[in-house]
Amino acid sequence: MPRSRVAEFSVDRVQVLDESGTVDESLEPDLDDERLLEWYRAMKRSRRLDHRAIALQRRGELGTFAPALGQEAAQVGAVGALSDDDWVVPSFREHPASLALGGSPQSMFEYAMGYEEGGEPPEGSRIMPPSIAVGSQPLHAVGIGWAEALNGSDSVALTFFGDGATSEGEVYEAMNLAGVYGARTVFLCQNNQYAISTPLSKQTRAATLAQKAVAAGIEGVQVDGNDVLGVYAVAKEALERARRGVPTLIEATTYRRGMHTTADDPSVYRTTDEEMEWEPLDPILRFETYLRERDLLDDETIADLEAEIEDELAEALEAARETAANADPVDMFDNAYGEPPEYMERQREAFATGSEFEVAPAAEVASGGDGPSTARGDGGVETLDPEDLEGAERRNMVEAIRSTLHAEMEADEDVLVYGQDVGVDGGVFRATQGLLDAFPGRVHDAPVAEAGIVGLGVGLAAAGYRPVAEIQFAGFTFQAFDQILQHVSRMRSRSRGKITCPMVVRAPYGLGVKALEHHSESYEAGYAHVPGLKVAIPSTPADAAGLLRSAIRNPDPVLFLEPMALYRATRRPVPEEYVVPLGEARTVREGEDATLLAWGAMVREAERAADAVDASIEVIDLRSISPLDTETVLESVRKTGRCVVVHEAPRTGGFAGELAARISDEAMWYLEAPIERVTGYDVPVPLPGREEAYRPGADRVRAALERVLSA
């Protein structure tokens, strides 16, 4: 079979200081003495901080701590090349980098003590909080780097991770997306030879980790990671390339001289001989030799510096202890949301007053959800009279979503739309059709990479954008679940409000279109369980517009689930600038005999069932399940004494169970019959041939209503 070569590659390795600390003058960077001494001090501070933290952990004063022993040069050299406007996106072992950038040892002690204060980015800094989930944060750096490219700025995002992280799919997704979008991003892999106990030889068959850049179409280079000058030189070149839109993966070969964390014992998997081989290559000793040769260090200078560092760490530790002593537990409620749900505020009040073991009753107030709303100039909402809808344009749900996206993009230039096939194709269901032409440069097709799509949003939002990401079907959001759970929902809390994530993730969901496997799932309850995330589900074109507008403008991240069965079901009036506040249910019809709760496509089935029984049924469309309009639900149940909940998802663990629990907590004595649930079955959603047998239809809902009415 004839063959021809279509590609070839090589990986360069850079070293400026050799193992003895002797410099290659042809490669030596032009750096002043003061800067070199600053780097040395940062490396020494980090080394001493590690030893102090390990001792404190052994005494029980700190929690699990991840030392950076041996990796100081790889970090200090890299951040030494940054400009003031560049970003740093760390993993969980980047205190050398933080110290080199002016970070405080106090915050590092606080974080290791288990207090969120330690993860709060310093005022005016562009450092993201620590990220524990391995290999997940490079996507955020790409989002930031892409945002800076869109802004036309010179700022770059530098992200750190270890060799173990290169086995994570999200690291490759990040590099691939960086290449696709020309993101101003530099990836720095600290190859410390081990992923906890797994040596590099068991992680990959690649000759280098730097060559993993080749498949992503970005630059790859290897550097001696124990050579602070070499790392600086390579990082400086990489940052200059990134400012031109060419990302780089730097593999800094180093050695983790200590344990992975204080919960680890490296003697189980490493030999003394191996450790001794790396001993002469210690980055601080090598740099120290170089500085002595330049007459910048002597024994007395080093002793004075070490004494100064000891005093600084002692002072920082005392300040951290004071933070711990004065930490108010109620603080955990204060940064979960920009706009906290009402029931979370009640939880906070109960906790703060010492009654946390009691149920805080819902306020008995009249529901505000009986009519459509539109924005007022003061940012509130007002109810429209039905007659006001007569002049409104009639749209189906897809058209309502499309027109709302257009309007919000027109009103706010920070709104971006991106996802699979959202550009030229206009989305699988044409919800983004025409937006590419209307807003060139702000609508972007993405590769098939759900985790990447969502992870980019974290970085875009941190850099000031309001991203609206589309995942083609909700069943595939689980491929991005770690990003949603670990980062999107937690960024505000993790940074104590300094960095927020006001993004929207749109996803078609549910039954009714005879789709393939994984295209019809309804697992909204799993997302409603995630603190910091809001979940909205419209059932009408007007509510699709109103909820989406609220979601885009919201300070918190929102998962916006769009019932596919309703996309083109009917055209109804959709007022301009229509707003539906998240957490405000809609009373579809009033009744006296039973309450019927539903959302999404099940609202239509609920209405049909209510028509089929000889009773007065109150039908409530929740519209958003997080936050939940508990007051409207309780007010209705207290009035009717009976309740049926309908949803498409499987019965076990479905959101109906949460509704039943809240009603039992706060309206139990009003009930005249057990709460009924009409749901999907506890089986995987069947393929289209059996879909109708699985789907909760009006007949099943009617039967449940008849049972509660007869009880």
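Quantities reported herein were computed from a predicted structural model and do not represent experimental measurements.

*Asks:* How do you make sense of the confidence of the model for the chain when you look at a structure like this?
*Replies:* When pLDDT drops low, the exact placement of atoms in the prediction is not to be read closely. Confidence in the prediction for the chain averages 93 pLDDT; 95% of positions are at 70 or higher. Low pLDDT, under 50, characterises residues 364-384; the stretch is placed with 43 contacts to residues that sit more than four places away or in other chains.

*Asks:* How should I be thinking about empty space enclosed by the protein in this particular structure?
*Replies:* One way to see where empty space is left: roll a probe the size of a water molecule over the atoms. Overall, the coordinates contain five cavities of 30 Å³ or more when judged by the stated rule. Here the largest cavity defines a volume of roughly 60 Å³. Around the largest cavity, the lining residues are Ala 474, Gly 475, Thr 477, Phe 478, Glu 521, Ser 522, Tyr 523, Glu 524, Tyr 527, Leu 559 and Leu 561. Its residues placed into classes, the lining of the largest cavity shows six nonpolar, three polar and two charged.

*Asks:* How should the pairing of strand 4 (residues 185-191) be read in this particular structure?
*Replies:* Every regular strand shows the same layout, with side chains that alternate between the two sheet faces. The element strand 4 is extensively covered by neighbouring structure, given that seven of its seven residues are classed as buried. Both faces of strand 4 are covered, namely the face carrying Thr 185, Phe 187, Cys 189 and Asn 191 and the face carrying Val 186, Leu 188 and Gln 190. Pairing geometry for strand 3 (residues 157-162) and strand 4, over six bridges, is parallel. Looking across to strand 4, one finds that Phe 160 is bridged to Leu 188.

*Asks:* In this structure, what is going on with the environment of Val 505? I would like to understand it.
*Replies:* Locating Val 505 in the fold gives a position in strand 15 (residues 504-509). Taking the C-alpha atoms as reference points, Val 505 and Val 558, separated by 53 residues in sequence, lie 6.3 Å from one another. Once you skip the residues sitting within four places of it in the chain, Val 505 turns out to touch Val 454, Ala 469, Ile 471, Val 558, Leu 559 and Phe 560.

*Asks:* Mind showing me how you'd approach the packing of helix 6 (residues 169-181) against helix 15 (residues 450-462) here?
*Replies:* Describing two packed helices takes the angle between their axes plus the distance from one axis to the other. It is at 9 Å that the axes of helix 6 and helix 15 come closest, and there the two elements cross at 70 degrees. Taken together, the axis directions place helix 6 and helix 15 in an arrangement best described as roughly perpendicular. In the packing of helix 6 onto helix 15, the handedness of the crossing is right-handed. Of helix 15, the residues touching helix 6 (which contributes Glu 170, Glu 173, Leu 177 and Tyr 181) are Glu 450, Ala 451, Gly 452 and Leu 456. Of the residues contributing to the contact of helix 6 with helix 15, the split by class is four nonpolar, one polar and three charged.

*Asks:* Looking at this structure, how should I read the pattern of salt bridges?
*Replies:* Pairs can form between side chains of opposite charge whenever their charged atoms are close. What the rule picks out here adds up to 58 salt bridges. With a closest N to O distance of 2.8 Å, Arg 286 and Asp 224 form a salt bridge. Taken together, the positions of Arg 286 in helix 10 (residues 283-293) and Asp 224 in strand 7 (residues 219-224) put the pair 62 residues apart, joining distant regions of the chain. By relative accessible area, Arg 286 is classed as buried at 2%. Linked through salt bridges whose partners overlap, the residues forming this network are Glu 117, Glu 120, Glu 123, Asp 331, Arg 496 and Lys 498.

The rules behind the values
Residues numbered from 1 in each chain as written. Predicted model: local features only at pLDDT ≥ 70, side-chain atom pairs only at ≥ 80, totals over all residues. Heavy atoms only, no water. pLDDT = per-residue confidence, 0-100. Contact = heavy atoms within 4.5 Å. 1 Å grid on protein atoms, 1.4 Å probe; cavity = no way out; pocket = protein on both sides within 12 Å on 5 of 7 lines; lining within 4 Å. Points joined across faces, edges and corners; volume = space filled by probe spheres on them. Nonpolar A, V, L, I, M, F, W, Y, C, P; charged D, E, K, R; others polar. Buried < 20%, exposed > 50% of the residue type's maximum accessible area, 1.4 Å probe, protein only. Helix = DSSP H or I, 4+ residues; strand = E, 2+ residues; numbered from the N terminus. Pairing = 2+ DSSP bridges. Axes fitted to C-alpha atoms, helices over the stretch in contact; angles between N-to-C directions. Parallel < 35°, antiparallel > 145°, perpendicular 65-115°, else oblique. Left-handed = near helix turned anticlockwise from the far one by under 90°. Salt bridge = Lys/Arg side-chain N within 4 Å of Asp/Glu carboxyl O.

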